[in-house]
Amino acid sequence: MPPLRNRNATVYCPGPRADIGQARDSCSGRPGPNDPRGRSGPGRAASRAHPCVRREHHPVPNTVLILNGPNLNLLGRREPSVYGRETLDDIAAACRVRGEKLRIRVDFRQTNHEGELVEWIQQSHADVRGIILNAAAYTHTSVAIPDALRAVALPCIEVHLSNVHARESFRHHSYISPVATGVIVGLGSQGYLLALDAMARLIADADAANADGPRSLST
Ligand code: CA2
């Protein structure tokens, strides 16, 4: 059995160094150089311990990468009849709020370049629990993106704002869908939130399987 990656952090640390939206922090359980708990002075001693040491699990929050492809930066500014009036920033903000409720750190990105999507997917394997992807037009053209998704083997939920199946026939085929865990289309920005809910469940199930499943039989 291949070694398990360090993905067993099921408890989110409320400490200031692990805020949602902040970069992942490999916690040593000790206060860092910029952490007030590490400074000496009157009244500091009682609060020296990093909040993480009071927790049962390592406090690395689960990160979900939300990737958006070309032209989605125009959302809310052009073609509102097709894509609505919400901007991509509005959607990102809503995803972060939902992420906080789910105790998931949301890393929300957009690019107009296929290669950048590929690089972000490749780089994700070490610290990301899942990918929510609206590859936009690359959905219907890219072989490189599904290849990268296959390589990192993370849960992936494909999202489209519009119902691509009710549109032009070239939008009916997706190169992403065969490698996706699930697909959500036609529900507007709500699709991203539903994808986050589903991803939280996938992560919880994977953690439960790692804790109780075949690993404990073979060790
Ligand atoms: O429905 C979706 O989410 C799509 O991924 C959006 C893509 C389209 O190519 C896919 O077939 C379906 C297009 C994104 C472009 O977004 C714009 C937003 C405002 C104005 C112009 C384009």
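Keep in mind the model is a prediction, meaning the values are calculated, not measured.

Colleague: What should I look at first to understand the site of the ligand in this one?
Modeller: The environment of the ligand is made up of 17 residues, and the closest members are Asn134, His140, His160, Leu161 and Ser162. Taking Asn71, its main chain carries an N or O atom lying 3.5 Å from an oxygen atom of the ligand. Coverage of the ligand by the protein amounts to 94% of the 510 Å² it exposes when considered alone. Judged by the proximity of its atoms to the pocket grid, the ligand belongs to the largest pocket. Broken down by class, the residue content of the shell around the ligand amounts to nine nonpolar, five polar and three charged.

Colleague: Mind showing me how you'd approach the packing of helix H3 (residues 114-123) against helix H4 (residues 144-152) here?
Modeller: Between two packed helices, the angle of one axis relative to the other and the distance separating the axes together describe the packing. At a closest axis distance of 9 Å, the pairing of H3 and H4 adopts a crossing angle of 5°. In terms of their interaxial angle, H3 and H4 are classed as roughly parallel. Together, Glu114, Leu117, Val118, Ile121 and Gln122 of H3 and Ala144, Ile145, Ala148, Leu149 and Val152 of H4 make up the contact between the two elements. Per-class residue counts for the contact of H3 with H4 are eight nonpolar, one polar and one charged.

Colleague: It is not clear to me how the sheet that holds strand S4 (residues 156-160) should be interpreted in this structure. Could you clarify?
Modeller: Either a parallel or an antiparallel arrangement is found when strands of a sheet pair, and the pairing is made through backbone hydrogen bonds. A sheet is described by the order of its strands in space; here five strands give the open sequence S2-S1-S3-S4-S5, paired in parallel fashion. Looking along the sheet, the strands with just one partner apiece sit at the ends: strand S2 (104-110) and strand S5 (182-185). For this sheet the average axis-to-axis angle between neighbouring strands, irrespective of direction, equals 20°. Looking at chain direction, strand S1 (residues 62-68) and strand S3 (residues 130-134) are connected through five bridges and run parallel. Paired with Asn68 across the strands is Asn134, a residue of S3. Helix-sheet contacts for H3 involve S1, S2 and S3, and the interaxial angle to S1 is about 170°.

Cut-offs and rules
Residues numbered from 1 in each chain as written. Predicted model: local features only at pLDDT ≥ 70, side-chain atom pairs only at ≥ 80, totals over all residues. Heavy atoms only, no water. Near = heavy atom within 4 Å. Polar contact = N/O pair within 3.5 Å; in protein donor to acceptor, adjacent residues only side chain to side chain. Areas by Shrake-Rupley, 256 points an atom, 1.4 Å probe, with all protein chains shown as cover. 1 Å grid on protein atoms, 1.4 Å probe; cavity = no way out; pocket = protein on both sides within 12 Å on 5 of 7 lines; lining within 4 Å. Sits in = over half its atoms within 2 Å of the grid points. Nonpolar A, V, L, I, M, F, W, Y, C, P; charged D, E, K, R; others polar. Axes fitted to C-alpha atoms, helices over the stretch in contact; angles between N-to-C directions. Helix = DSSP H or I, 4+ residues; strand = E, 2+ residues; numbered from the N terminus. Parallel < 35°, antiparallel > 145°, perpendicular 65-115°, else oblique. Contact = heavy atoms within 4.5 Å. Pairing = 2+ DSSP bridges.

Don't take any of this as a statement about function, it's just geometry.
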